[in-house]
Amino acid sequence: MDTYIAESELIINSDGSIFHLHLRPEQLADKVILVGDPGRVNLVASHFENKEFEVESREFRTVTGTYKGKRITVVSTGIGCDNIDIVVNELDALANIDFETRHVKPSLRSLTLVRIGTCGGLQEFTPVGTYIASEKSIGFDGLLNFYAGRNEVCDLEFEEAFKKHMDWNPQKGAPYVIDANKETLDRIACDDMVRGVTIACGGFYGPQGRELRVPLADPNQNAKVEAFEYKGYRITNFEMESSALAGLAKLLGHKALTCCMVIANRRVKEANTGYKNSIDGLIKTVLDRI
(Lines give C-alpha, C1' and ligand atoms only; values in the text may rest on other atoms or scores of the structure.)
Protein backbone atom coordinates (compact mmCIF):
# COMPACT_ATOMS: atom_id res chain seq x y z
CA MET A 1 0.00 0.00 0.00
CA ASP A 2 1.30 3.43 -0.99
CA THR A 3 1.37 5.21 2.38
CA TYR A 4 2.35 8.81 3.06
CA ILE A 5 5.21 8.91 5.58
CA ALA A 6 4.59 11.65 8.15
CA GLU A 7 7.14 14.30 9.13
CA SER A 8 7.45 12.78 12.61
CA GLU A 9 8.47 9.39 11.14
CA LEU A 10 10.88 10.59 8.46
CA ILE A 11 12.53 13.79 9.64
CA ILE A 12 14.07 15.84 6.85
CA ASN A 13 16.29 18.81 7.66
CA SER A 14 15.72 22.24 6.12
CA ASP A 15 18.54 21.64 3.60
CA GLY A 16 16.85 18.49 2.28
CA SER A 17 19.11 16.09 4.18
CA ILE A 18 17.99 13.23 6.41
CA PHE A 19 17.84 13.91 10.15
CA HIS A 20 20.86 12.17 11.71
CA LEU A 21 23.22 11.54 8.81
CA HIS A 22 22.71 14.96 7.16
CA LEU A 23 22.91 13.30 3.73
CA ARG A 24 20.82 14.13 0.68
CA PRO A 25 19.66 11.30 -1.62
CA GLU A 26 21.97 12.21 -4.50
CA GLN A 27 25.02 12.00 -2.21
CA LEU A 28 24.63 8.25 -1.55
CA ALA A 29 26.48 5.64 -3.62
CA ASP A 30 25.17 2.11 -4.16
CA LYS A 31 28.28 0.69 -2.47
CA VAL A 32 28.58 1.70 1.19
CA ILE A 33 31.33 0.98 3.70
CA LEU A 34 30.38 1.32 7.36
CA VAL A 35 32.96 1.89 10.09
CA GLY A 36 32.43 2.47 13.79
CA ASP A 37 35.09 5.11 14.42
CA PRO A 38 34.53 8.52 12.72
CA GLY A 39 38.31 8.80 12.48
CA ARG A 40 38.42 5.68 10.33
CA VAL A 41 36.35 7.38 7.63
CA ASN A 42 39.36 9.46 6.64
CA LEU A 43 41.53 6.33 6.53
CA VAL A 44 39.12 4.67 4.09
CA ALA A 45 38.68 7.86 2.05
CA SER A 46 42.45 8.35 1.82
CA HIS A 47 42.40 5.62 -0.84
CA PHE A 48 39.82 7.44 -3.02
CA GLU A 49 41.01 9.04 -6.25
CA ASN A 50 38.58 11.90 -5.64
CA LYS A 51 36.02 13.02 -3.06
CA GLU A 52 32.64 14.42 -4.04
CA PHE A 53 31.78 15.75 -0.60
CA GLU A 54 32.08 15.11 3.13
CA VAL A 55 29.75 15.89 6.01
CA GLU A 56 29.75 15.29 9.76
CA SER A 57 26.92 15.20 12.32
CA ARG A 58 27.47 13.80 15.82
CA GLU A 59 29.24 10.42 15.44
CA PHE A 60 28.07 10.12 11.83
CA ARG A 61 30.78 11.21 9.40
CA THR A 62 30.36 10.55 5.66
CA VAL A 63 32.55 10.84 2.58
CA THR A 64 31.48 9.85 -0.94
CA GLY A 65 34.15 9.43 -3.60
CA THR A 66 35.64 7.17 -6.25
CA TYR A 67 37.97 4.19 -5.82
CA LYS A 68 39.28 2.49 -8.96
CA GLY A 69 36.25 3.69 -10.90
CA LYS A 70 33.74 2.59 -8.22
CA ARG A 71 31.57 5.22 -6.53
CA ILE A 72 31.65 4.47 -2.80
CA THR A 73 30.19 6.09 0.30
CA VAL A 74 31.90 5.55 3.66
CA VAL A 75 29.88 6.28 6.82
CA SER A 76 30.81 6.06 10.49
CA THR A 77 28.12 4.57 12.71
CA GLY A 78 29.56 4.95 16.18
CA ILE A 79 29.31 1.96 18.50
CA GLY A 80 26.38 -0.40 18.87
CA CYS A 81 23.33 -1.90 17.17
CA ASP A 82 21.18 1.07 18.23
CA ASN A 83 23.25 3.26 15.93
CA ILE A 84 23.04 0.68 13.14
CA ASP A 85 19.25 1.01 13.42
CA ILE A 86 19.58 4.73 12.69
CA VAL A 87 22.15 4.39 9.92
CA VAL A 88 20.59 1.53 7.93
CA ASN A 89 17.07 2.95 8.11
CA GLU A 90 18.28 6.37 7.02
CA LEU A 91 20.42 4.96 4.19
CA ASP A 92 17.40 3.00 2.98
CA ALA A 93 15.22 6.11 3.18
CA LEU A 94 17.74 8.04 1.10
CA ALA A 95 17.67 5.27 -1.52
CA ASN A 96 14.00 4.32 -1.56
CA ILE A 97 11.78 7.14 -0.29
CA ASP A 98 10.93 10.19 -2.38
CA PHE A 99 11.74 13.14 -0.13
CA GLU A 100 9.41 15.45 -2.10
CA THR A 101 6.26 13.29 -1.95
CA ARG A 102 7.12 11.26 1.20
CA HIS A 103 6.10 8.05 -0.54
CA VAL A 104 8.13 4.92 -1.17
CA LYS A 105 9.56 4.93 -4.70
CA PRO A 106 7.94 2.46 -7.13
CA SER A 107 11.35 1.01 -8.09
CA LEU A 108 13.49 0.02 -5.12
CA ARG A 109 17.27 0.38 -5.00
CA SER A 110 19.43 -2.29 -3.36
CA LEU A 111 22.58 -1.13 -1.56
CA THR A 112 25.69 -3.16 -0.77
CA LEU A 113 26.62 -2.47 2.87
CA VAL A 114 29.95 -3.75 4.18
CA ARG A 115 31.02 -3.04 7.73
CA ILE A 116 34.76 -2.92 8.44
CA GLY A 117 35.44 -3.24 12.15
CA THR A 118 37.37 -4.81 14.97
CA CYS A 119 36.44 -7.72 17.19
CA GLY A 120 37.49 -10.13 19.90
CA GLY A 121 38.40 -13.65 18.76
CA LEU A 122 36.95 -16.59 20.68
CA GLN A 123 38.77 -19.59 19.22
CA GLU A 124 42.38 -20.70 18.99
CA PHE A 125 42.11 -20.46 15.18
CA THR A 126 41.19 -16.75 15.40
CA PRO A 127 44.39 -15.18 16.79
CA VAL A 128 45.08 -11.43 16.85
CA GLY A 129 45.31 -10.15 13.28
CA THR A 130 42.81 -12.63 11.77
CA TYR A 131 40.24 -11.28 9.28
CA ILE A 132 36.77 -12.69 10.00
CA ALA A 133 33.83 -12.37 7.60
CA SER A 134 30.59 -12.93 9.51
CA GLU A 135 28.77 -15.71 7.66
CA LYS A 136 26.21 -15.76 10.48
CA SER A 137 25.54 -13.26 13.26
CA ILE A 138 23.87 -13.90 16.60
CA GLY A 139 22.20 -10.79 17.98
CA PHE A 140 22.30 -10.34 21.74
CA ASP A 141 20.95 -6.81 21.17
CA GLY A 142 17.31 -7.73 20.53
CA LEU A 143 16.89 -5.01 17.89
CA LEU A 144 15.43 -7.16 15.12
CA ASN A 145 12.72 -8.40 17.48
CA PHE A 146 11.01 -5.01 17.13
CA TYR A 147 10.42 -5.51 13.38
CA ALA A 148 7.77 -7.53 11.52
CA GLY A 149 9.20 -10.35 9.40
CA ARG A 150 11.92 -11.19 11.92
CA ASN A 151 11.13 -14.92 11.90
CA GLU A 152 11.07 -15.09 8.10
CA VAL A 153 14.68 -13.88 7.76
CA CYS A 154 16.26 -15.61 10.77
CA ASP A 155 17.67 -19.12 11.23
CA LEU A 156 15.16 -20.30 13.83
CA GLU A 157 16.62 -23.80 14.28
CA PHE A 158 20.06 -22.34 14.99
CA GLU A 159 18.47 -19.94 17.51
CA GLU A 160 16.78 -22.76 19.39
CA ALA A 161 19.95 -24.85 19.52
CA PHE A 162 21.91 -21.87 20.81
CA LYS A 163 19.35 -20.96 23.50
CA LYS A 164 19.21 -24.56 24.70
CA HIS A 165 23.00 -24.81 24.88
CA MET A 166 23.30 -21.50 26.74
CA ASP A 167 20.36 -22.20 29.08
CA TRP A 168 19.23 -18.76 27.92
CA ASN A 169 17.65 -16.45 30.49
CA PRO A 170 14.54 -14.89 28.85
CA GLN A 171 15.09 -11.69 30.85
CA LYS A 172 17.90 -10.91 28.40
CA GLY A 173 15.53 -10.84 25.41
CA ALA A 174 15.53 -13.37 22.59
CA PRO A 175 18.75 -13.74 20.59
CA TYR A 176 18.36 -13.91 16.81
CA VAL A 177 20.51 -15.54 14.12
CA ILE A 178 20.88 -13.94 10.69
CA ASP A 179 22.94 -14.84 7.61
CA ALA A 180 25.09 -12.44 5.62
CA ASN A 181 24.31 -11.98 1.94
CA LYS A 182 25.94 -15.01 0.28
CA GLU A 183 27.04 -13.32 -2.93
CA THR A 184 28.69 -10.49 -1.01
CA LEU A 185 30.28 -12.96 1.43
CA ASP A 186 31.76 -15.09 -1.37
CA ARG A 187 33.07 -12.07 -3.28
CA ILE A 188 34.70 -10.29 -0.34
CA ALA A 189 35.79 -13.17 1.93
CA CYS A 190 37.16 -15.24 -0.99
CA ASP A 191 39.45 -17.91 0.46
CA ASP A 192 41.62 -15.74 2.69
CA MET A 193 39.20 -14.73 5.46
CA VAL A 194 37.78 -16.94 8.20
CA ARG A 195 34.04 -17.37 7.61
CA GLY A 196 32.71 -17.15 11.11
CA VAL A 197 29.74 -16.94 13.43
CA THR A 198 29.78 -13.57 15.16
CA ILE A 199 27.95 -12.56 18.32
CA ALA A 200 26.88 -8.92 18.30
CA CYS A 201 26.62 -7.76 21.90
CA GLY A 202 24.63 -4.94 23.45
CA GLY A 203 27.66 -3.72 25.37
CA PHE A 204 31.43 -4.07 25.69
CA TYR A 205 31.72 -5.24 29.30
CA GLY A 206 29.00 -7.43 30.85
CA PRO A 207 27.43 -8.59 27.57
CA GLN A 208 30.86 -9.76 26.38
CA GLY A 209 31.62 -11.50 29.68
CA ARG A 210 33.97 -8.84 31.07
CA GLU A 211 33.77 -8.35 34.82
CA LEU A 212 35.10 -5.20 36.49
CA ARG A 213 33.21 -4.13 39.61
CA VAL A 214 29.74 -5.55 38.87
CA PRO A 215 29.49 -9.37 38.91
CA LEU A 216 28.15 -11.13 35.83
CA ALA A 217 24.69 -12.70 35.80
CA ASP A 218 26.22 -15.76 34.09
CA PRO A 219 29.94 -16.13 34.91
CA ASN A 220 30.11 -19.14 32.58
CA GLN A 221 28.72 -17.34 29.53
CA ASN A 222 31.94 -17.14 27.53
CA ALA A 223 32.94 -20.73 28.25
CA LYS A 224 29.55 -21.89 26.94
CA VAL A 225 29.86 -19.63 23.89
CA GLU A 226 33.30 -21.01 23.06
CA ALA A 227 32.04 -24.61 23.41
CA PHE A 228 28.91 -24.18 21.26
CA GLU A 229 28.82 -26.15 18.00
CA TYR A 230 25.91 -26.61 15.60
CA LYS A 231 26.07 -28.31 12.20
CA GLY A 232 29.80 -27.65 12.02
CA TYR A 233 29.49 -23.99 13.00
CA ARG A 234 31.43 -22.57 15.96
CA ILE A 235 31.27 -19.04 17.33
CA THR A 236 34.38 -17.17 16.26
CA ASN A 237 34.13 -13.62 17.61
CA PHE A 238 32.39 -10.89 19.58
CA GLU A 239 31.60 -7.45 18.19
CA MET A 240 28.70 -5.01 18.52
CA GLU A 241 26.99 -4.31 15.17
CA SER A 242 26.88 -7.25 12.73
CA SER A 243 23.47 -8.73 13.64
CA ALA A 244 21.49 -5.51 13.25
CA LEU A 245 23.25 -4.73 9.98
CA ALA A 246 22.58 -8.15 8.46
CA GLY A 247 19.02 -8.31 9.80
CA LEU A 248 17.82 -4.87 8.75
CA ALA A 249 19.52 -5.20 5.38
CA LYS A 250 17.73 -8.48 4.72
CA LEU A 251 14.35 -7.03 5.73
CA LEU A 252 14.90 -4.00 3.49
CA GLY A 253 16.31 -5.83 0.46
CA HIS A 254 19.96 -4.76 0.75
CA LYS A 255 23.14 -6.86 0.69
CA ALA A 256 25.18 -6.77 3.89
CA LEU A 257 28.36 -8.25 5.31
CA THR A 258 30.58 -7.56 8.33
CA CYS A 259 34.36 -8.01 8.08
CA CYS A 260 36.41 -7.59 11.24
CA MET A 261 40.03 -7.81 12.25
CA VAL A 262 40.69 -9.59 15.54
CA ILE A 263 42.41 -7.18 17.94
CA ALA A 264 42.00 -9.31 21.09
CA ASN A 265 41.73 -13.03 21.62
CA ARG A 266 39.60 -13.68 24.68
CA ARG A 267 40.60 -17.34 24.85
CA VAL A 268 44.33 -16.75 25.15
CA LYS A 269 44.01 -13.32 26.83
CA GLU A 270 45.96 -11.38 24.19
CA ALA A 271 45.25 -7.91 22.78
CA ASN A 272 46.75 -5.52 20.24
CA THR A 273 46.11 -1.90 21.22
CA GLY A 274 48.10 -0.71 18.20
CA TYR A 275 45.65 -2.21 15.70
CA LYS A 276 44.98 1.16 14.00
CA ASN A 277 48.31 0.75 12.24
CA SER A 278 47.33 -2.59 10.70
CA ILE A 279 43.60 -2.39 9.89
CA ASP A 280 44.41 -0.58 6.65
CA GLY A 281 45.12 -3.98 5.08
CA LEU A 282 41.52 -5.05 5.67
CA ILE A 283 40.26 -1.71 4.36
CA LYS A 284 42.17 -2.08 1.08
CA THR A 285 40.98 -5.69 0.67
CA VAL A 286 37.33 -4.66 1.06
CA LEU A 287 37.73 -1.66 -1.25
CA ASP A 288 39.16 -3.90 -3.96
CA ARG A 289 36.36 -6.49 -3.64
CA ILE A 290 33.22 -4.47 -2.85
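Below you will find a few notes about this structure. Along each chain, residue indices are assigned from 1 in the same order as the chain's sequence is written. Totals for whole chains, interfaces and linings use every residue, but because this is a predicted model, local features are given only for residues with pLDDT of at least 70 and side-chain atom pairs only at 80 or more, for both listing and counting. Neither water nor hydrogens contribute to the side-chain values; these are computed over all heavy atoms in the structure.

In the cavity and pocket records, a cavity denotes points on a 1 Å grid over the protein atoms alone where a 1.4 Å probe fits but cannot get out, a pocket denotes an open set with protein on both sides within 12 Å along at least 5 of 7 lines, and lining residues are residues with an atom within 4 Å of a point. Grid points are joined across faces, edges and corners, and a volume is the space filled by probe spheres set on the points. Per the stated rule, a full pass over the model turns up one cavity of 30 Å³ or more. Quantified by volume, the largest cavity comes out at close to 40 Å³. When contributions to the lining of the largest cavity are tallied by element, the ones reaching two or more residues are β8 (131–139), β9 (176–179), α7 (242–252) and β13 (255–265). Here the lining of the largest cavity gets four residues from one element, more than from any other, and that element is β8. Gly counts as polar in this scheme, as do all residues outside two lists: the nonpolar Ala, Val, Leu, Ile, Met, Phe, Trp, Tyr, Cys and Pro, and the charged Asp, Glu, Lys and Arg. When its residues are assigned to classes, the lining of the largest cavity shows six nonpolar, four polar and three charged. The secondary structure listing takes helices from DSSP runs of H or I that are at least 4 residues long and strands from runs of E that are at least 2 residues long, numbered from the N terminus.

What follows covers the pattern of salt bridges. What counts as a salt bridge is simple: a side-chain nitrogen of Lys or Arg found within 4 Å of a carboxyl oxygen of Asp or Glu. Under the criterion given, the structure shown has 20 salt bridges. The partner of Arg61 in a salt bridge is Glu54, with the nearest N and O atoms 2.6 Å apart. Two residues, Arg289 and Asp192, come together in a salt bridge whose shortest N-O distance is 2.8 Å. Taken as a pair, Arg289 in helix α8 (residues 280–289) and Asp192 in the loop between α5 (182–189) and β10 (194–200) lie far apart in primary sequence, 97 residues in all.

In this scheme, a helix's expected span is set at 1.5 Å multiplied by one less than its residue total. The terminal C-alpha atoms of helix α2 (residues 81–96) lie 22 Å apart, and with 16 residues this matches the ideal 22 Å at 1.5 Å per residue to within 8%. Think of it in three bands: with a 1.4 Å probe and only protein chains considered, a residue is buried below 20% of the maximum accessible area for its type, exposed above 50%, and partly exposed in between. With 12 of its 16 residues buried, α2 lies for the most part within the structure. Burial in α2 covers these residues: Cys81, Asn83, Ile84, Val87, Val88, Glu90, Leu91, Asp92, Ala93, Leu94, Ala95 and Asn96.

Here the focus is unusual backbone geometry. Phi at Arg102 is positive, roughly 65 degrees, even though this residue is not glycine. Phi at Cys190 is positive, roughly 45 degrees, even though this residue is not glycine. Take Cys190: it is sitting in the loop between α5 and β10. Of the residues examined, Cys190 reaches a relative accessible area of 31% and is grouped as partly exposed.

Here the focus is the side chain of Ser242. Here Ser242 is to be found in helix α7. Given a relative accessible area of 1%, Ser242 falls into the buried group. Apart from residues lying up to four places away in sequence, Ser242 is in contact with Ser134, Ser137, Thr198, Ala200 and Thr258. We call two residues in contact when some of their heavy atoms are within 4.5 Å.

With 10 of 11 residues buried, β13 is to be regarded as a mostly interior element. As paired strands, strand β7 (residues 112–121) and β13 are joined by 10 bridges and run parallel to one another. If you follow Leu113 over to β13, its bridge partner there is Ala256. Of the pairings in the sheet, the one linking β8 to β13 comprises three bridges and is antiparallel in character. The residue bridging Ala133 from the neighbouring strand is Cys259, located in β13. For two strands to pair, DSSP has to find at least two bridges joining them.

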